[in-house]
Amino acid sequence: MNPVYSIVVPCYNEEACIAETHARLTAVMTGMGESYEILYINDGSRDQTAPMLDALAAQDLHVRVIHFARNAGHQIAVSAGLDYAAGQAVVIIDADLQDPPEVIPQMAARWKAGVQVVYGQRNSREGESKFKELTAKWYYRLLRNLAGDVFPKDTGDFRLVDRAVVDVVKNMPEHARYLRGMFAWAGFKQEALLYDRDKRFAGETHYPLRKMLRLAANGVLSFSEKPLLWPLWAGIIFLLVAGAMAVKTVITHFLGWDTAFSAMHLLIVLSTGLILTSLGILGAYLARVYEEVKGRPLYVVARTQGFDKQPPLPPGTKIKA
Ligand code: UDP
Ligand code: MG
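Residues numbered from 1 in each chain as written. Chains lettered and ligands numbered in written order. Predicted model: local features only at pLDDT ≥ 70, side-chain atom pairs only at ≥ 80, totals over all residues. Heavy atoms only, no water.

Enquirer: Even after reading the chapter, I still don't get the coordination of the magnesium ion (ligand 2), so can you show me in this structure?
Expert: The textbook angles at a metal center are 109.5 degrees for a tetrahedron of four donors and 90 or 180 degrees for an octahedron of six. On the protein side, the magnesium ion (ligand 2) has D96 (OD) and Q98 (OE1) as donor atoms, found 1.9 to 2.0 Å from it. Across this residue pair, the class does not change: D96 and Q98 are buried. (Donors = N, O, S within 2.8 Å, 3.2 Å for Na, K, Ca; no water. Buried < 20%, exposed > 50% of the residue type's maximum accessible area, 1.4 Å probe, protein only.)

This is the structure:
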């Protein structure tokens, strides 16, 4: 029998958090009184995370552990969790207790009310620098501008997702995975649940600026092709300016003024315009290629109706034995 809930917990060098995280998750899940499994994905940890998770699996029937052969990154670890999860609803939660497990019952209540993706939206960010808060805010604004406002703001990966939506995201073959974007892309009934993000329970972040930037770039590059077209717009502006300059050059020429200087400028602006425009055209084709290569489904069906019915036979039809 498949459990009602699967909890997916990516872990990278989390020896200081695991015992506490497991205790709090277990308390919350036991309190909910339905079947559950907890999947810990050991993302190539180099500390005591692996033996600690194995010990948990040995003593607790709810625990499953997936050990990666090397560090593959948070988004990939969560993707593996989605692949292995058997529950009707899957909860994605960090191992460091920044996402409080106590919020899960509220998410589950919304799920039972028919919401298929309940994503945690941060009310406040405890213990995070002004820098991170500000850059995150700007980033989400940029992303919403580029990719359309299906992307909710102040939202990480902490969420409860219905089996139907998990199956859609599992079947998206793209390698550059920006899961929160992929869930938003899938559609279905989605709703925010406000929560207060806590401080990390112990240890330190495994998201240094470098990884953060890569994730941020994935968000933009996987969900918007607008940047590829920027040179096209710039090129068109240059060409328009070149046109105006050409008119001016011709006029000053016939008035007998010295035109050598402005003709030179005209050439520079014109050739810049041509180069940028051709880059933009390349970009436009590249955007197509990229769109195809991502191999996403054309559409996502939430449900169908009436396909299991037999159409009635016209009156008078003879039925063969
Ligand atoms: N994580 C992971 N692989 C990585 C980096 C992080 O599985 O390469 C996990 C980590 O153990 C934690 C979650 O992803 O459960 C979020 O990471 P972290 O708390 O370090 O990031 P932050 O909350 O500071 O953004
Ligand atoms: Mg964290």
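Picking up where we left off.
Enquirer: How should I be thinking about the nonpolar core in this particular structure?
Expert: Across soluble globular proteins, nonpolar side chains show a tendency to be buried alongside one another. L82, Y178 and F183 are the most contacted members of the largest nonpolar core, which has 37 residues in total. For this core, the secondary-structure elements that each account for two or more residues are β2 (36-42), α3 (74-84), β4 (89-92), β5 (117-125), α5 (130-147), α6 (163-170), α7 (179-186) and α8 (209-223). Once you skip the residues sitting within four places of it in the chain, L82 turns out to touch V8, V90, I92, V166, V169, K170, L179 and F183. Ranked by size, the runner-up nonpolar core spans 31 residues in total, among them I18, I93, A108 and L193. (Core = buried A, V, L, I, M, F, W, Y, C linked by side-chain atoms within 4.5 Å. Helix = DSSP H or I, 4+ residues; strand = E, 2+ residues; numbered from the N terminus. Contact = heavy atoms within 4.5 Å.)

Enquirer: Explain the packing of α6 against α7 to me, please; I cannot follow it from the model alone.
Expert: Geometrically, a packed helix pair is captured by the angle between its two axes and the distance between the axes. Taken N-terminus to C-terminus, the directions of α6 and α7 make an angle of 115°; their axes are 10 Å apart at the nearest point. For the crossing formed where α6 meets α7, the hand is right-handed. Here V165, V168 and V169 of α6 lie close against α7, whose contacting residues are L179, M182, F183 and A186. By residue class, the composition of the contact of α6 with α7 is seven nonpolar, no polar and no charged. (Axes fitted to C-alpha atoms, helices over the stretch in contact; angles between N-to-C directions. Left-handed = near helix turned anticlockwise from the far one by under 90°. Nonpolar A, V, L, I, M, F, W, Y, C, P; charged D, E, K, R; others polar.)

Enquirer: Teacher, can you tell me more about the environment of E225 here?
Expert: Among the secondary structure elements, E225 is positioned in the loop between α8 and α9 (226-254). Spatially, the C-alpha atom of E225 lies 28 Å from that of Q116, the residues being 109 residues apart in sequence. Not counting residues up to four positions away in its chain, the partners in contact with E225 are A287 and E291.

Enquirer: Sorry, what's going on with the site of ligand 1 here?
Expert: Near ligand 1 lie 19 residues; those nearest to it are E14, D43, Q98, T205 and H206. The separation between an oxygen atom of ligand 1 and a polar side-chain atom of E14 is 2.6 Å. Within the backbone of H206, an N or O atom sits 2.5 Å from an oxygen atom of ligand 1. For the shell around ligand 1, the residue count by class is five nonpolar, six polar and eight charged. (Near = heavy atom within 4 Å. Polar contact = N/O pair within 3.5 Å; in protein donor to acceptor, adjacent residues only side chain to side chain.)

Enquirer: How do you make sense of α3 when you look at a structure like this?
Expert: A turn of α-helix holds 3.6 residues, and therefore any two residues three or four places apart point the same way. Burial runs high along α3: eight of the 11 residues are buried. Buried residues of α3: H74, Q75, A77, V78, S79, A80, G81 and L82, and no others.

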